[in-house]
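# Analysis of the macromolecular model
The chain contents come next:
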Amino acid sequence: MFSPTDNLTIYRRLTQIRRFEETVLDEFPRGRFYGTTHTYLGQEADAVGVLDHLQPQDVVVSNHRCHGHFLAYGGDLRALFAELMGKATGVCGGRGGSQHLHWRNFYSNGILGGTIPLATGMALAEKKQRTNAIVVAFLGDGTLGEGVVYESLNMAALWNAPVLYVLENNAIAQTTPLDLHFRGDMADRFQAFGISTRRLETSDVLEVRAAAGECFQGLRSTGAPQALILDTCRFGPHSKGDDTRPPEILERSRQERDPLQIHGARLSIEELKRVTAEVETEIRDAFQQALNDPFPDVSTIPGPPGR
Amino acid sequence: MFSPTDNLTIYRRLTQIRRFEETVLDEFPRGRFYGTTHTYLGQEADAVGVLDHLQPQDVVVSNHRCHGHFLAYGGDLRALFAELMGKATGVCGGRGGSQHLHWRNFYSNGILGGTIPLATGMALAEKKQRTNAIVVAFLGDGTLGEGVVYESLNMAALWNAPVLYVLENNAIAQTTPLDLHFRGDMADRFQAFGISTRRLETSDVLEVRAAAGECFQGLRSTGAPQALILDTCRFGPHSKGDDTRPPEILERSRQERDPLQIHGARLSIEELKRVTAEVETEIRDAFQQALNDPFPDVSTIPGPPGR
Amino acid sequence: MTTVLESLQAGLEHALSCDPGVIVLGEDILDPYGGAFKVTRGLSTKYPDRILTTPVSEAGIVGVATGMALRGLKPVVEIMFGDFLTLAADQLINHAAKLRWVYDDRVRAPIVVRTPMGGRRGYGPTHSQSLEKLFLGVPGLQVLAPAAFGDPGGLLEKAILEDDDPVLFVENKLLYLLPIFQPGSQNDLDLAELTPGNTLSRAAQGAKHSGYPIYHLAVRSAPPPDLTMVAYGYMAELCRQVLLRLAYEEEIFSELFIPTQLAPFKLEPVLESARRTGSLLVVEEGSLTLGWGAEVLARASETLGPSLRSARRVAAFDLPIPAAVTLESVVLPGPDDIFNAAKSIL
Amino acid sequence: MTTVLESLQAGLEHALSCDPGVIVLGEDILDPYGGAFKVTRGLSTKYPDRILTTPVSEAGIVGVATGMALRGLKPVVEIMFGDFLTLAADQLINHAAKLRWVYDDRVRAPIVVRTPMGGRRGYGPTHSQSLEKLFLGVPGLQVLAPAAFGDPGGLLEKAILEDDDPVLFVENKLLYLLPIFQPGSQNDLDLAELTPGNTLSRAAQGAKHSGYPIYHLAVRSAPPPDLTMVAYGYMAELCRQVLLRLAYEEEIFSELFIPTQLAPFKLEPVLESARRTGSLLVVEEGSLTLGWGAEVLARASETLGPSLRSARRVAAFDLPIPAAVTLESVVLPGPDDIFNAAKSIL
Ligand SMILES: Cc1ncc(C[n+]2csc(CCOP(=O)(O)OP(=O)(O)O)c2C)c(N)n1
Ligand SMILES: Cc1ncc(C[n+]2csc(CCOP(=O)(O)OP(=O)(O)O)c2C)c(N)n1
Ligand SMILES: [Mg+2]
Ligand SMILES: [Mg+2]
């Protein structure tokens, strides 16, 4: 992270996310994890491509589907596993769970849309303090339903907030396909606020990275907010076992739009094998460590008077 | 109302609104009225032009600046004076006050933007019940700051709600000029949701009426929501005595953009004089009656247990 | 045995079949998914035109539904998680709940907003709250809460079909799979349905029916109770367990009141009981401060004065709800907390 | 004599001058208008870069300010009317107030959201409410309310500069033009500033200062009080008048507590006094049910048991606030209501 990265490292990141998420889905039925989870399967190119441009001072604001963003940001595998298991070593000591992560300049929250004004305000604060930081805010197509998103776009444009809105359009919100929740044009939703917007349909991490690069460029030179719409595919269920899409359509997009396959084609078989094996070990170790980690010390919780 | 109207009647309506509002501002310092008020001075052509197309079953949803809408809808002068005075004979028996009016199919509320989903839902209910009614919803440029407006536009487009959004753009929100509260393109704000939008800059009631006619036409034929942006001028203060704009600019717009002057030019001097005098009497009588009307019977208010 | 979920599904479906004006709006409520907690499952197949899956726009949906209600329909809104009601707060408080009064009693806004609340599923701080307390003191808004006692589906049906005023209908998530305890006797316990209080609240006057029931649970043939307990929703189930345990282990006999209408507050039977026992325990899952129990205790102390010898609330800590189950179980009130509180006030 | 408005203006300005991280956001807050209630008047002229007039986007503004706070600034938001806080409820409850705890204590969100509340100006049902009660039980959120006693501007300044956690700062509109009653003696009355309670709430631990004051008002050289009164904001002023009237007309002596911090609740001095007098009267302008007084009474009854002989709340009717002044004055609690309630509980 934090500097243009070679193809192998990029592939490693994609694979880490993929294997992390697969492990989560596999282990959920075994009762290792709690609550809910939203996996990033199929969308790995977005986070890895976009966040490859990050500078250390930059900030990432993420949403419910945050594991991939967090790992691409450089987050620790074991800490994320531990957070999902409710362990003391988790990213937020088990308090946040899958959707509420904070580490360094990374923040996520499970309330859709509510993060967007936060990201905008963060960008304004960075600007005021002349840190040169940029804020990258991820949101999904369904989140365009939330009004506060538009309030934020207006303020970002009005005050030139250095923020890049990354809309991951997987054309579905939970189980609701785009045509049942959205009308109009997606780029227009940003452009109507005077926000310069790029859109591309790809699962190729290098294409994502290139487009994101232009946005970062634009942002760092003009200071004006930018939007990047990435038409992508969600391979897995929304959360767990709740996919109502026809399996054949899913299968097709897995064939045609797999970021790992697409980018993997740039590597030799040996490289692929090696990285895959290494990541496999990493994941297994991280999972096992997290599993052995202690639960949080409940005595630290301050109680109400009288209990 | 409810059928194409001759020039004289149109002028009478413009004048009624004008004189009503002037009377309110004049009498406020004398303690006749309570609380707040937002006068429609300068914008009369909007309501009169648009609402001339109403059918009896149609619905109007208005905002804080509702006196003009209410009177153009056919609302009673005395009942409106009385409401502003907190009298029992007021539109809502004194409960609503200046911003909260309901009579027949007319509804207003002082929470900016919150009325827009209501209007949208009303339109859907009318459609479901096959009444052929159209809902006309007024909002101001400042109200484009409220997120729930966009949530509503999306749903209106998604479900084909028979609603006409009339955006009265007086380029100011309270004391904040457009360039301090708005970025982007105003028509795009609607078109981004696939809503067909017309925009015109005029204070000529007949031009407004013609444009609104096309919207109604479009609506009645396609059933799809429409937007009409009217670039207009607010002549008076936002509420009372709180105008911070340079007087010379105001004076110029009063000279160039007065709906009464513009439309009055179509009438003879005698007609003008007659209508003006008649309205004068109407207003005076309505005001006097309202003044003599009783205050509400407080004994009807159900109290909490224990008081 | 019928579960709460089945009962709610049936109530909703029955309302749809009785009145063509009933229309259901919510996120992801279409079949085959049928809603995050499945209360709407099957409905879109049977009533495709009247089940409207919506964008992710909580404020907008409630506003749209309120508009529909003002113009003759009877909309039912599902908010996927009660935590998101904060987004619809303005629509509920400044629109739906106010309009009837503000418009001089000349409109009605018969919407029902259903939403699952509560924790214990590890969903974390933004998907586990019991936020109903925010809405219990809103003039013009009624708040109902089914429990696994009596007829949850009937309660919902009544709210949809017979109530003229806006209703917030709070379903604790852990109720869905519970079997329903019917009035009568079962496992040493007697359940009775009481006619609701007679408070002359405006909302009650507006309702076309006689009110929403309060249930009364006590150990069969027990001596006169030492303790008055009151709880709603899922906490009523926990209180049921504690009530038995208190009787068996401690020979402490208590009676439990389970109101289905939280707001406007109607507490006559509870206050009468507390006058007799002198001890009142109020149990809720939401966080303590200004929760439902605060109003119950306030009314009890105003009404009973010194004859209220001891009163106590059991509620969640005043903290966000952590995701980790070990932490969550400390923050939320459990059976032991209720048991200990009961013993401590006697 | 300094008014509350002048004091608040000065406090805000002083905060701006002390810390370059302070930034003010709100609708219509630029000069020459200077905000709907003029608290920000003059600031944009002096600090043009740090006073941000905003679009009409209450949720967005609070969210933006929270983002700023998370990244090192100290934003102060003005919500033009407290009635519009409903629009920012999600941002306050599910974001600003929660993040510190949820993120394992590793962030701070030091925002102050100022807003005028209250009626008696004929503004009608959407511009007259006292909605602070909705926010008094929100974990992680502090609620402060200045009164015309002590140092309202200092309170604001302290909240902005010295408090790490989000603060909702509620200004009753009728306070603005009142002169401030300083600690000491004035017109037969003694005002004292008490050190706040020692409750170990998380928020208090987070604050860099020793807490927000409670004021104590009593008739000079009066016999021991018969009655404990507690009120905040503008109602404290009405209670001051009633306290004198009770003493002069009825020879009933009472002591009045005026907390400036409403939430988290810290009531030690009030409860101690009520233990002595046995009679507690809680007065607020918001509507009765689940208002601030509910929690005060609940705590009093939990803590004091039967030594709380009589307790009573005076509050607004559970109704929207009508525009007509004649109606409004019935719905809102006035001096006579307080006077009568005081007599009735003794
Ligand atoms: C305010 C709010 N409303 C609803 C939800 C429930 N919810 C979680 S994810 C989701 C769908 C989001 O769709 P999208 O924004 O497209 O993101 P994706 O899941 O496709 O990545 C919904 C409705 C929520 N978390 N927050
Ligand atoms: C939700 C909400 N926020 C703020 C206000 C206060 N307010 C009343 S009118 C107004 C300006 C509205 O501007 P615009 O929408 O352009 O309408 P105009 O007054 O110009 O007709 C504001 C900020 C309000 N009434 N409601
Ligand atoms: Mg999506
Ligand atoms: Mg305007």
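Just above, that's the structure.
As a starting point, this report considers the structure included with it.

Calculation criteria
- Residues numbered from 1 in each chain as written.
- Chains lettered and ligands numbered in written order.
- Predicted model: local features only at pLDDT ≥ 70, side-chain atom pairs only at ≥ 80, totals over all residues.
- Heavy atoms only, no water.
- Donors = N, O, S within 2.8 Å, 3.2 Å for Na, K, Ca; no water.
- Buried < 20%, exposed > 50% of the residue type's maximum accessible area, 1.4 Å probe, protein only.
- Helix = DSSP H or I, 4+ residues; strand = E, 2+ residues; numbered from the N terminus.
- Contact = heavy atoms within 4.5 Å.
- Buried area = accessible area lost by both parts, 1.4 Å probe.
- Salt bridge = Lys/Arg side-chain N within 4 Å of Asp/Glu carboxyl O.
- Polar contact = N/O pair within 3.5 Å; in protein donor to acceptor, adjacent residues only side chain to side chain.
- Near = heavy atom within 4 Å.
- Nonpolar A, V, L, I, M, F, W, Y, C, P; charged D, E, K, R; others polar.

### So, the coordination of the magnesium ion (ligand 3)
Residues and elements named next belong to chain A.
- Ligation of the magnesium ion (ligand 3) by protein atoms is provided by D141 (OD), N170 (OD1) and I172 (O), these donors lying 2.0 to 2.1 Å from the ion.
- Sequence positions of the donors to the magnesium ion (ligand 3) reduce to the motif D-x28-N-x1-I. Of the two residues, N170 and I172, both sit in the buried class.

### Describing unusual backbone geometry
- A cis amide bond links D31 of chain D to the next residue, P32 of chain D, at an omega of 5 degrees.
- Along the chain, the position of P32 of chain D falls in the loop between β1 (22–26) and α2 (43–46).
- Here A263 of chain D and P264 of chain D are connected by a cis peptide whose omega angle stands at -15 degrees.
- Here P264 of chain D is to be found in the loop between β12 (261–263) and α9 (268–277).
- With phi around 50 degrees, R130 of chain A is a residue other than glycine that occupies positive phi space.
- Looking at the element boundaries, R130 of chain A is found in the loop between α5 (115–128) and β4 (135–140).

### Let's talk about the interface of chain D and chain C
- Across the boundary between the two partners, chain D contributes 45 residues, which contact 45 residues of chain C.
- For the chain D face of the interface with chain C, the top three residues by lost area are W101, L290 and E302 of chain D, together amounting to 17%.
- Taking the shortest distance from any N to any O, the salt bridge between E302 of chain D and R313 of chain C comes out at 2.9 Å.
- Taken together, the links from chain D to chain C amount to 22 residue pairs in polar contact (both at pLDDT 80 or more).
- For the side of chain D that touches chain C, the secondary structure elements donating two or more residues are α4 (89–96), α5 (99–102), α10 (292–304) and β14 (310–316) of chain D.
- Top element by residues in the side of chain D that touches chain C is α10 of chain D. It accounts for eight residues.

### A word on the site of ligand 2
- Neighbouring residues of ligand 2: 22 residues in total, closest H64, R65, G142 and T143 of chain B together with E58 of chain D.
- At ligand 2, the nearby residues belong to more than one chain, namely chains B and D.
- Between ligand 2 and H64 of chain B there is a distance of 2.7 Å, counted from an oxygen atom to a side-chain nitrogen or oxygen.
- A distance of 2.8 Å separates an oxygen atom of ligand 2 from a polar side-chain atom of N170 of chain B.
- Of the residues assigned to the shell around ligand 2, the class counts are eight nonpolar, nine polar and five charged.

### Here's the deal with the interface of chain B and chain D
- At the junction of the two partners, chain B supplies 35 residues and chain D supplies 37 residues.
- A combined buried area of about 2800 Å² lies between chain B and chain D, and 64% of that area is made up of carbon and sulfur atoms.
- Counting across the chain B and chain D interface gives zero salt bridges.
- Between the two partners, chain B and chain D, sit nine residue pairs in polar contact (both at pLDDT 80 or more).
- In terms of residue class, the side of chain B that touches chain D is built from eleven nonpolar, 20 polar and four charged.

In short, shape yes, function no, at least from these values alone.
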